[in-house]
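Read off the chains here:
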Amino acid sequence: MEKNQYYVNIGTREISINHDGNNDEFMINADREELLLLREVFNEMYNSDTRAFFRSHVPFEEYHKDSSNDEYDEGMMRAFQMLYDLGDEKTRQHISGMGVLKDLN
């Protein structure tokens, strides 16, 4: 499959073929299937974040025992790994410098 260049902002979970504003935090080269997998990870992160938001309004549930937070963190690691694998050299250096992926050290 043909790979295209995409701009990714992990904070907003934006994936765009067009450079616009601050969406160039990471640049990747992905085919349609890889792009759909990354979108799926971002959607799972959104769902986990939403569940964590509602859980945060329940005072007797402890924050550190919230599975939604754990799911969100796992999603972030999966997203960073995918961005590293699909990213250009600048993206891989940026992620390496962040120290978020333990296997890179």
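Residues numbered from 1 in each chain as written. Predicted model: local features only at pLDDT ≥ 70, side-chain atom pairs only at ≥ 80, totals over all residues. Heavy atoms only, no water.

1. Thoughts on the confidence of the model for the protein chain
A low pLDDT score tells you not to read the predicted coordinates there in detail.
So, point 1. Taken over all residues, the pLDDT of the protein chain has a mean of 86, while the share at 70 or more is 87%.
So, point 2. Looking over the protein chain, one finds the lowest element-wise mean pLDDT in helix H1 (residues 32–55), namely 87, and the highest in strand E3 (residues 26–30), namely 96. (pLDDT = per-residue confidence, 0-100. Helix = DSSP H or I, 4+ residues; strand = E, 2+ residues; numbered from the N terminus.)

2. Thoughts on the side chain of Asn 9
So, point 1. Its location among the elements puts Asn 9 in strand E1 (residues 4–9).
So, point 2. When its relative accessible area of 8% is taken as the criterion, Asn 9 is described as buried.
So, point 3. Once residues within four sequence positions are removed from consideration, Asn 9 is found in contact with Glu 14, Asn 22, Asn 23 and Glu 25. (Buried < 20%, exposed > 50% of the residue type's maximum accessible area, 1.4 Å probe, protein only. Contact = heavy atoms within 4.5 Å.)

3. Description of the nonpolar core
Side chains that are nonpolar tend, in soluble globular proteins, to be buried together.
So, point 1. Ile 10, Ile 28 and Leu 83 are the most contacted members of the largest nonpolar core, which totals 20 residues.
So, point 2. Leave out the neighbours within four places in its chain, and Ile 10 touches Glu 25, Phe 26, Phe 42, Met 76, Ala 79, Phe 80 and Leu 83. (Core = buried A, V, L, I, M, F, W, Y, C linked by side-chain atoms within 4.5 Å.)

4. Topic: the pairing of E3
Successive side chains on a regular strand alternate, one facing one side of the sheet and the next facing the other.
So, point 1. A one-sided burial pattern is seen for E3, the buried positions being Phe 26, Ile 28 and Ala 30 and the unburied ones Met 27 and Asn 29.
So, point 2. In this structure, E1 lies alongside E3, joined through 5 bridges in antiparallel fashion. Considered in E3, the bridge of Asn 4 is made with Ala 30. (Pairing = 2+ DSSP bridges.)

5. As for the pattern of salt bridges
So, point 1. For the structure on display, the rule yields 3 salt bridges.
So, point 2. The partner of Lys 3 in a salt bridge is Glu 34, with the nearest N and O atoms 3.1 Å apart. One end of the pair, Lys 3, is in the segment before E1; the other, Glu 34, is in helix H1, and 31 residues separate them in sequence.
So, point 3. A relative accessible area of 43% places Lys 3 in the partly exposed class.
So, point 4. Two residues, Arg 92 and Glu 89, come together in a salt bridge whose shortest N-O distance is 3.0 Å. Taken as a pair, Arg 92 and Glu 89 lie in helix H3 (residues 89–98) at a separation of 3 residues, close to a single helical turn.
So, point 5. A residue is classified by how much of its surface remains accessible, and Arg 92, at 26% relative accessible area, is partly exposed. (Salt bridge = Lys/Arg side-chain N within 4 Å of Asp/Glu carboxyl O.)

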